[in-house]
Amino acid sequence: MTFAISGECCSDASCVAVCPMNSIHPSPGEAGFGTGVSLFIDPRTCIDCGACADICPVDAAKPADRSAAEDVSRNAAYFAGSDPLAAMDLDTWEPPEYQVWGGGPRRVLVVGAGPAGMYATRELLLRTDAEVTLVDRLAEVGGLVRFGVAPDHPQTKQIIDTFERITRHPRARWRPGTTAEELLGRGGFDAVVHAVGARRSRRLGIVGEDSACTAEDFVAWCNGRPGAVLPVELNGPRVVVVGNGNVALDVARLLVSDDERLRSMDVAAGVRRVLGASGIREVVLLGRRGPEDAAYTESALQELQAMSGGRVTLKYHATPVAWTGADRTPSADRAASGASGAGRGLLLDGGELISAGTLVTAIGFEGDPIDGLPFDSARGTVPNVRGAVVGRPGHYVAGWIKRGARGGIGVNKACAQETVQTLVSSSRGAVSPGS
Ligand SMILES: Cc1cc2nc3c(=O)[nH]c(=O)nc-3n(C[C@H](O)[C@H](O)[C@H](O)COP(=O)(O)OP(=O)(O)OC[C@H]3O[C@@H](n4cnc5c(N)ncnc54)[C@H](O)[C@@H]3O)c2cc1C
Ligand code: SF4
Ligand code: SF4
């Protein structure tokens, strides 16, 4: 599925800035921009990230399956006969647009090769003549796109090819398997952009939670992140997934996928074996609030309902108080038996027990503090003004560590652009990251 723009479009081009694949045309500067009534989405490159729909002020950009058939064909027809544009083909990059730093080459360290770090790197290469060192503690670029986005959304993962091209730019030095700490200790950078994401799973704060599985662990394991292990045994026949965002829906889809579907999405044999042996036949998705407050998108819900064949139940207005699942703890057992008699499952505040063999929590993520930088523990972010870290000249943030763990891939593009804009306009002399 891709997205399409309808005739409601007022051509303000807000969506162009956030499209990670440069799929929306004509964009400002291109022939035809400002002369037509609408912009169009190229179905050959759209990765279905939804960023255009999030930002559109008039609700003109929609998933193709919720668009009128004529809008879908109008969008496709606009591109008929043209080659698909490689979203960020390095060959087509224009020369640096502005350069405000004097005194020779400047070196910038970008920490984290997820979407925010990749867009920050791209923007620095495009807008300045700085040399950019890009590090990630993992061996590959992509961050959560590679190891978070569900494996049955290969179209979304396409953007990784684009990220890989960025690392091959002559002024980019890509250092996989390296942490910020290793390089920063040696100094020599004029500015640092921290784009480390927000990896820590939020906690429910209930009894027995330590023997539940977090969505972060589950998707990392499914996606084959090096070193990722499933922290609990997966036990059916029923699993409860707490959370009402798209990540919770991703987890539910994977849990009810049969072996044939898992094979078609290139999931490792070991993962398929464990899922197959788990005996999971049913998933209960639990939301603390009602459907009107759910954070998942309509198209993600439709996809889940279409593939699950009634094996996923959505339950709202439910607050968990104790988990007494597979790996019982004495305190969890006590809590459960105190309220409703001994049971194996998730106890809710009204006394109801949903019997289940495994609990997965998917209630969001938060950032970890970064050594030497201020930290807002309530928001899980580094305090910043348009990307400049408060009180730490030379340090900048982009992506989830800057804004909090919200928004899809495309939002990180505009976010990184803002940070680099701030960096470039405030860097008028050598700055020490340690200052
Ligand atoms: C499970 C899941 C599924 C998602 N699915 C979708 C989807 O289908 N569509 C969509 O549009 N969005 C999706 N998103 C959202 C999207 O992934 C995020 O918007 C995006 O990844 C955030 O980018 P980031 O660069 O801030 O962080 P990340 O992607 O987390 O990247 C941070 C990078 O920094 C590295 N790093 C961290 N600390 C250090 C260090 N000290 N030294 C070196 N490197 C370090 C990490 O290894 C990582 O590669 C999903 C998110 C999750 C969690
Ligand atoms: S923003 Fe995302 S969904 Fe919209 S056109 Fe671009 S890639 Fe497709
Ligand atoms: S944001 Fe919406 S109205 Fe604006 S150009 Fe894009 S589709 Fe059209």
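Our subject is the structure that appears above.
What you see is a predicted model, and the numbers here were worked out from it, not measured in a lab.

### Let's talk about the overall build of the protein chain
No. 1: What the protein chain contains, in helices and strands, is 16 helices and 21 strands.
No. 2: Classification of the 435 residues of the protein chain by burial places 51% in the buried group.
No. 3: Across the protein chain, contacts joining residues at least 24 apart in sequence account for 74% of those joining residues at least 6 apart.
No. 4: In the form shown here, the protein chain has an accessible surface area of approximately 18800 Å², with 51% of it arising from carbon and sulfur atoms.

### Digging into the nonpolar core
No. 1: Within the largest apolar cluster, 47 residues are counted, with the highest numbers of intra-cluster contacts made by Ile5, Ile24, Leu39, Val108, Ile159, Phe163 and Val193.
No. 2: Breaking this core down by element, the ones donating at least two residues are strand S1 (3-5), helix H1 (14-18), strand S5 (107-111), helix H4 (115-127), strand S6 (131-136), helix H7 (159-167), strand S8 (191-194) and helix H16 (411-426).
No. 3: Ranked by the residues each element gives to this core, the list is headed by H4, at six residues.
No. 4: Mapping this core onto the domain boundaries places at least three of its residues in each of domain 1 (3-79) and domain 2 (107-199 + 365-429).
No. 5: In this structure Val193 touches Val108, Leu109, Val110, Val111, Ala120, Tyr396, Ala398, Thr419 and Leu423, once residues within four positions along its chain are discounted.
No. 6: In this structure, Cys222, Leu254, Met265 and Ala300 belong to the second largest nonpolar core, which totals 35 residues.

### Overview of the site of ligand 1
No. 1: Around ligand 1, a shell composed of 31 residues is seen, among which Asp136, Leu144, Trp400, Gly407 and Ile409 lie nearest.
No. 2: With respect to ligand 1, the backbone of Pro115 contributes an N or O atom lying 3.4 Å from an oxygen atom.
No. 3: Bound to the protein, ligand 1 loses 93% of the 1000 Å² it would expose on its own.
No. 4: Secondary structure elements with two or more residues in the shell around ligand 1: H4, helix H8 (180-184) and helix H10 (246-255).
No. 5: Shared between two domains, the shell around ligand 1 holds at least three residues of each, these being domain 2 (107-199 + 365-429) and domain 3 (203-331 + 338-361).

### Considerations on the packing of H4 against H16
No. 1: Contact geometry for H4 and H16: axes closest at 8 Å, N-to-C directions at 45 degrees. Considering their axes alone, H4 and H16 lie oblique with respect to each other. As H4 runs across H16, the sense of the crossing is right-handed. Contacts between H4 and H16 involve Pro115, Ala116, Tyr119, Ala120, Glu123 and Leu124 on the former and, on the latter, Asn412, Lys413, Ala416, Gln417, Val420 and Leu423.
No. 2: Looking at the contact of H4 with H16, its residues break down into eight nonpolar, two polar and two charged.

### With respect to the side chain of Arg225
No. 1: Position of Arg225 among the secondary structure elements: in the loop between helix H9 (215-222) and strand S11 (238-242).
No. 2: A relative accessible area of 17% means that Arg225 is categorised as buried.
No. 3: Ignoring anything within four residues of it in the chain, the contact list for Arg225 reads Leu138, Phe147, Arg199, Glu216 and Ala220.

### Examining the packing of aromatic side chains
What describes a pair of aromatic rings is the distance from one ring centre to the other and the angle between the planes of the rings.
No. 1: Scanning the entire structure with this criterion turns up five aromatic pairs.
No. 2: For the ring pair Phe40 and Tyr78, a centre distance of 4.3 Å and an interplane angle of 15 degrees mean the geometry is stacked. With a gap of 38 residues between them, Phe40 in strand S3 (residues 40-41) and Tyr78 in helix H3 (residues 69-79) connect regions that are remote in the sequence.
No. 3: The class of Phe40 is buried, set by a relative accessible area of 13%.
No. 4: On the numbers, 5.0 Å between centres and 80 degrees between planes, the contact of Tyr78 with Phe79 is edge-to-face.
No. 5: We classify Tyr78 as partly exposed; its relative accessible area is 36%.
No. 6: Judged by its relative accessible area of 6%, Phe79 is buried.
No. 7: Three or more aromatic residues joined by ring pairs form one cluster here, namely Phe40, Tyr78 and Phe79.

About the criteria used
- Residues numbered from 1 in each chain as written.
- Chains lettered and ligands numbered in written order.
- Predicted model: local features only at pLDDT ≥ 70, side-chain atom pairs only at ≥ 80, totals over all residues.
- Heavy atoms only, no water.
- Helix = DSSP H or I, 4+ residues; strand = E, 2+ residues; numbered from the N terminus.
- Buried < 20%, exposed > 50% of the residue type's maximum accessible area, 1.4 Å probe, protein only.
- Contact = heavy atoms within 4.5 Å.
- Areas by Shrake-Rupley, 256 points an atom, 1.4 Å probe, with all protein chains shown as cover.
- Core = buried A, V, L, I, M, F, W, Y, C linked by side-chain atoms within 4.5 Å.
- Domains from an automatic or database assignment.
- Near = heavy atom within 4 Å.
- Polar contact = N/O pair within 3.5 Å; in protein donor to acceptor, adjacent residues only side chain to side chain.
- Axes fitted to C-alpha atoms, helices over the stretch in contact; angles between N-to-C directions.
- Parallel < 35°, antiparallel > 145°, perpendicular 65-115°, else oblique.
- Left-handed = near helix turned anticlockwise from the far one by under 90°.
- Nonpolar A, V, L, I, M, F, W, Y, C, P; charged D, E, K, R; others polar.
- Phe/Tyr/Trp six-rings, centres within 6.5 Å; stacked < 30°, edge-to-face > 60°.

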